[in-house]
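So you can see what is in the structure, the chains are spelled out below.
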Amino acid sequence: MATVTHPSDSRAVPDFLRALVDDAATFPPASTPLEQAVAEHRAHLSSQYAGLVGGFVVSDVKVADLAKVVAEHPVVEEGVTTAPERPLACNLVVTGGAGAIEPAVTWLTRSEGLELRALEFALRDEDDLAHNARRLVQVVDSLAGVLDDVTVFAEPPMPRGAATHGWLSALDELAVREIHLKFRTGGLSEDLFPSAAALATCIESSLDRELPFKCTAGLHHAVRHDDAGTGFRHHGFLNVLLAARVSLDGGGPEDVARVLDETDGAALASQLTADPAQATRTRTWFTSFGSCSVLEAHEDLVDLGLVEASA
């Protein structure tokens, strides 16, 4: 039986970094086995940097297996073996169409030991994205009550070049119901890594509609860099946070892209610590990012002096 403690000392993680990293360890490139990923997630939540960690990201096709793992490896409070288990807070990624949302949500919410924290859904009909967005809205409306305390994210395809009318119309449909956005910032091939200009378009379009957003894939490190193994140029999650701030302050797409291209980690850290209250307010809009390695994010933040090293 696993034991989890919950540190009361939150000073190790500043407010502007709290719940920033959603734990997507079971997704590529890590593809960590489910039982191991759950154990490591619980270890993160019992660590000094627990405040950095958001939800456990799970695909709808793995919900049944996750429920089984949680049931077979219960968690209790330290020293109190009869204490009730804390539910595992999950970000549910629906891999099918809009019709797959309701059964996936039902399965997870009826699984003992799991709690639905966020729902993530990709808009795939590029010929009529606005229709796909309306379909998502209809499903979300049909689940009123079930999703009242759940954040819903819609992932539009990354624009290739200038944003099209159809792409922007889909965002308009989502804005009517205040459905948050999700942007893909990388993957297993180079073409999945958007340029700074493309990501700037996404950030600007999201904030123009007063829609918070998260990112997924490719944000393995805090600062913009070239991966030594693949040669792929990765975005940095601190770059994204500061780029959102620039956009909120009235900066144009070129200003936002310039921040996304910054490779000086010390400069980025200095800007954040100069006004941590402002950085915390910015997190209202850049809510989190999914990463298959919480530890890589933590190590980068320690190196930049933004997070205390674990004792």
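Right above here is the structure, for reference.
This is a predicted model, so every value here is computed, not measured.

Definitions and limits used
- Residues numbered from 1 in each chain as written.
- Predicted model: local features only at pLDDT ≥ 70, side-chain atom pairs only at ≥ 80, totals over all residues.
- Heavy atoms only, no water.
- Helix = DSSP H or I, 4+ residues; strand = E, 2+ residues; numbered from the N terminus.
- Buried < 20%, exposed > 50% of the residue type's maximum accessible area, 1.4 Å probe, protein only.
- Pairing = 2+ DSSP bridges.
- Axes fitted to C-alpha atoms, helices over the stretch in contact; angles between N-to-C directions.
- Core = buried A, V, L, I, M, F, W, Y, C linked by side-chain atoms within 4.5 Å.
- Contact = heavy atoms within 4.5 Å.
- Polar contact = N/O pair within 3.5 Å; in protein donor to acceptor, adjacent residues only side chain to side chain.
- Phe/Tyr/Trp six-rings, centres within 6.5 Å; stacked < 30°, edge-to-face > 60°.
- Lys NZ or Arg CZ within 6 Å of the ring centre and 35° of its normal.

**Side note on unusual backbone geometry**
Cis geometry marks the peptide bond from Pro28 to Pro29; its omega dihedral reads 5°. Here Pro29 lies in the loop between strand E2 (21-23) and helix H1 (34-45). A positive phi angle, near 55°, is found at Glu178, a position not held by glycine. Among the secondary structure elements, Glu178 is positioned in the loop between helix H5 (165-176) and strand E8 (180-184). Judged by relative accessible area, which is 62%, Glu178 ranks as exposed.

**Notes on the sheet that holds E8**
Read around the barrel, eight strands follow the order E2-E3-E5-E6-E7-E8-E9-E12 and close on themselves; strand pairing throughout is parallel. This sheet shows a mean twist of 30° between the axes of neighbouring strands, independent of strand direction. Pairing between strand E3 (residues 53-59) and strand E5 (residues 88-94): four bridges, direction parallel. Residue Ser59 lies in a different strand from E5, and its bridge partner there is Val93.

**What to know about the nonpolar core**
Counting residues in hydrophobic clusters, the biggest one holds 87 residues, and the most contacted among them are Leu17, Leu66, Leu92 and Phe213. With sequence-adjacent residues up to four places away left out, Leu17 is seen in contact with Gly51, Leu52, Leu238, Arg283, Leu301, Leu306 and Val307.

**Thoughts on the side chain of Glu155**
Counting through the fold element by element, Glu155 comes out in strand E7 (residues 151-155). On the basis of relative accessible area, Glu155 is assigned to the buried category, the value being 10%. Here the side chain of Glu155 touches Arg184 through a polar contact of 2.8 Å, side chain to side chain. If sequence neighbours within four positions are ignored, Glu155 has contacts with Phe121, Ala122, Leu123, Lys182 and Arg184.

**As for the packing of aromatic side chains**
Applying the stated criterion across every chain yields a total of four aromatic pairs. Consider the rings of Phe213 and Phe286, whose centres lie 5.4 Å apart with planes at 25°: the pair is stacked. Within this pair, whereas Phe213 is found in strand E9 (residues 213-216), its partner Phe286 is found in strand E12 (residues 286-291), the two being separated by 73 residues in sequence. Since its relative accessible area comes to 0%, Phe213 is described here as buried. Taken together, Phe183, Phe213 and Phe286 form an aromatic cluster joined through their ring pairs. The lysine or arginine in question, Lys214, covers the ring of Phe153, its NZ or CZ lying 5.6 Å from the ring centre.

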